[in-house]
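# Close look at the chain arrangement
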Amino acid sequence: MRRSSTFARQVLLVRVGRRDDDLTTTEHRYADRQRRRYGLDRLSRPTLGVDPTLGLDRADIDAVVPVSPAMPPMAQADEAHSIPLLPGERTIARRMKFALVNACTLASLMLGMLAIFLAMQGEVRIAALCLIACVGFDGLDGALARRLGVASPFGAQMDSLADMCSFGLAAPVVVYASLAGSVSTAAAAVACALVAACAAIRLARFNVSPKDGRFFCGVPTTMAAAVLAVTVAIGLPVPGAVLVAGVALLAFAMVSSFPYAKLARLVKLPPWLWLAPVIGALVDIRLTFALIVVGYLVSGPVLWLRQRRTA
């Protein structure tokens, strides 16, 4: 440590602009001072590879490289490479299929915006029908992407952004417009804001979570928006306070950890189970719809308890 500090002091004491002979004189004078102070007589003994004035190895001196603060950085950033939106072979046919799939996604997005405009003008039922059409296009783009073999990370991100606009923003706006006059403005605003916040959390969690081919983790935003849209479209005859509570419950169900069966599993149910809803819809479609929604929401906690018992 003393050697390194001695060398550092000498570097600091040397003034820029001196002649070589002045620099040599200063170095020897400073070395003599160190000999008298510390009694280091070995400093005057030249050895192989050793500086006789400092007592340091030549390799140590060569290792000290002056660094200029104005020196530009040597490392250069790697050249950015563009990532193709459509992985795989980029033929004209595949590009057209890719454009068709994304057109369905954009159609869902545009219908969601149209639903917002209609709800602002008081046309809540037509706006609810636009949301139902959004649900149809949202399912269509995913099915076409898998069928045509043009599924891509870009398409998945586009789908999430469109879902946030159509189901996370448009659906709460339509519900808020339908609740105007039946409940307090603050209660309706809080319930609809919960839907928007929980939809954003649900979509972000879905993007980063491992996929399960059998169950959803929480109610998907598409199904929650479909329930809200159908509720507004058919004019479910329930008090406004019950509707607000149902909207808040549906919002929390989206961010819950309860497993909910996917549509592919529901289709495989026995045919006689589908006969009851069809007959009920012919008798009273509103009551049948309410029972189906309640049954689906309850199925999540039931499946969760069953999985815990069997684990």
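Residues numbered from 1 in each chain as written. Predicted model: local features only at pLDDT ≥ 70, side-chain atom pairs only at ≥ 80, totals over all residues. Heavy atoms only, no water.

### Re the overall build of the protein
Secondary structure summary: the protein contains 12 helices and 2 strands in total. Counting over 311 residues, the protein shows a buried share of 32%. Only carbon and sulfur atoms are counted for the fraction: they give 67% of the accessible area of the protein, which is about 19,900 Å². (Helix = DSSP H or I, 4+ residues; strand = E, 2+ residues; numbered from the N terminus. Buried < 20%, exposed > 50% of the residue type's maximum accessible area, 1.4 Å probe, protein only. Areas by Shrake-Rupley, 256 points an atom, 1.4 Å probe, with all protein chains shown as cover.)

### Here we look at the side chain of Arg202
Checked against the element boundaries, Arg202 lands in helix H7 (residues 185-208). The buried charged residue Arg202 lacks any salt bridge partner; its closest oppositely charged side chain belongs to Asp163, at an N-O distance of 8.9 Å. Within the structure, the side chain of Arg202 is placed 3.5 Å from the backbone oxygen of Met254, a separation counted as a polar contact. If sequence neighbours within four positions are ignored, Arg202 has contacts with Phe216, Cys217, Gly218, Val219, Pro220, Thr221, Met254 and Val255. (Lys, Arg positive; Asp, Glu negative; His and termini not counted. Salt bridge = Lys/Arg side-chain N within 4 Å of Asp/Glu carboxyl O. Polar contact = N/O pair within 3.5 Å; in protein donor to acceptor, adjacent residues only side chain to side chain. Contact = heavy atoms within 4.5 Å.)

### Quick notes on the packing of helix H5 (residues 124-148) against helix H8 (residues 221-234)
As a packed pair, H5 and H8 sit with axes 8 Å apart at the nearest point and diverge in direction by 150 degrees. One element, H5, and the other, H8, form an angle in the roughly antiparallel class. Relative to H8, H5 is oriented so that their crossing is left-handed. Residue-level inspection shows Val124, Arg125, Ala128, Leu129, Leu131, Ile132, Val135 and Asp138 of H5 in contact with H8, the latter providing Thr222, Ala226, Ala229, Val230, Val232, Ala233 and Ile234. Here the residues of the contact of H5 with H8 are counted per class, giving 12 nonpolar, 1 polar and 2 charged. (Axes fitted to C-alpha atoms, helices over the stretch in contact; angles between N-to-C directions. Parallel < 35°, antiparallel > 145°, perpendicular 65-115°, else oblique. Left-handed = near helix turned anticlockwise from the far one by under 90°. Nonpolar A, V, L, I, M, F, W, Y, C, P; charged D, E, K, R; others polar.)

### Side note on the environment of Ser160
Within the element layout of this structure, Ser160 appears in helix H6 (residues 153-179). Sequence separation between Ser160 and Thr221 is 61 residues; the distance between their C-alpha atoms is 10.0 Å. Discounting chain neighbours no more than four positions away, the residues touching Ser160 are Leu203 and Asn207.

### Examining the environment of Ser256
Along the chain, Ser256 falls in the loop between helix H9 (240-254) and strand S2 (259-261). Among all residues touching Ser256, those that are not within four sequence positions of it are Arg205, Cys217 and Gly218. Of the polar contacts made by the side chain of Ser256, one reaches the backbone oxygen of Ala253; its length is 2.8 Å.

### Here we look at the layout of surface pockets
Taken as a whole, the second largest pocket spans an internal volume of roughly 590 Å³. In this structure, the second largest pocket is lined by 27 residues; those nearest its centre are Thr231, Leu236, Val238, Leu243 and Gly246. Among the secondary structure elements, those contributing two or more residues to the lining of the second largest pocket are H5, H6, H8, H9 and helix H12 (285-310). In terms of residue count, the dominant contributor to the lining of the second largest pocket is H9 (8 residues). Taken together, the residues of the lining of the second largest pocket sort by class into 20 nonpolar, 6 polar and 1 charged. (1 Å grid on protein atoms, 1.4 Å probe; cavity = no way out; pocket = protein on both sides within 12 Å on 5 of 7 lines; lining within 4 Å. Points joined across faces, edges and corners; volume = space filled by probe spheres on them.)

### Observations regarding the packing of H6 against H8
Their axes nearest at 10 Å, the elements H6 and H8 cross at an angle of 25 degrees. Comparing the axis directions of H6 and H8 gives the class roughly parallel. As H6 runs across H8, the sense of the crossing is left-handed. Note on element contacts: H8 touches H6 through Thr221, Thr222, Ala225, Leu228 and Val232, opposite Asp163, Phe167, Ala171, Val174, Val175 and Ser178. A class-by-class count of the residues in the contact of H6 with H8 yields 7 nonpolar, 3 polar and 1 charged.

### Describing the confidence of the model for the protein
A low pLDDT means the predicted coordinates there should not be read in detail. Taken residue by residue, the protein gives an average pLDDT of 78. The fraction at 70 or more is 73%. Scored below 50 in pLDDT, residues 11-28 shows 5 contacts in the model against residues more than four places distant or in partner chains. Scored below 50 in pLDDT, residues 75-79 makes 0 contacts in the model with residues more than four places away or belonging to other chains. (pLDDT = per-residue confidence, 0-100.)

### So, H7
End to end, H7 covers 35 Å across 24 residues, agreeing with the expected 34 Å (1.5 Å per residue, within 8%). Burial in H7 covers these residues: Ala188, Ala191, Cys192, Val195, Ala196, Cys198, Ala199, Arg202 and Leu203. Those residues of H7 that are buried lie in contact with H6, strand S1 (215-217), H8 and H9. (Expected span 1.5 Å × (residues − 1).)

### Considering H9
Compared with an ideal rise of 1.5 Å per residue, which puts 15 residues at 21 Å, H9 spans 21 Å between its outermost C-alpha atoms and is within 8% of the ideal. Of the positions making up H9, those classed as buried are Gly240, Val244, Val247, Ala248, Leu250, Ala251, Ala253 and Met254. Buried residues along H9 sit against H6, H7, S1, H8, S2 and H12.

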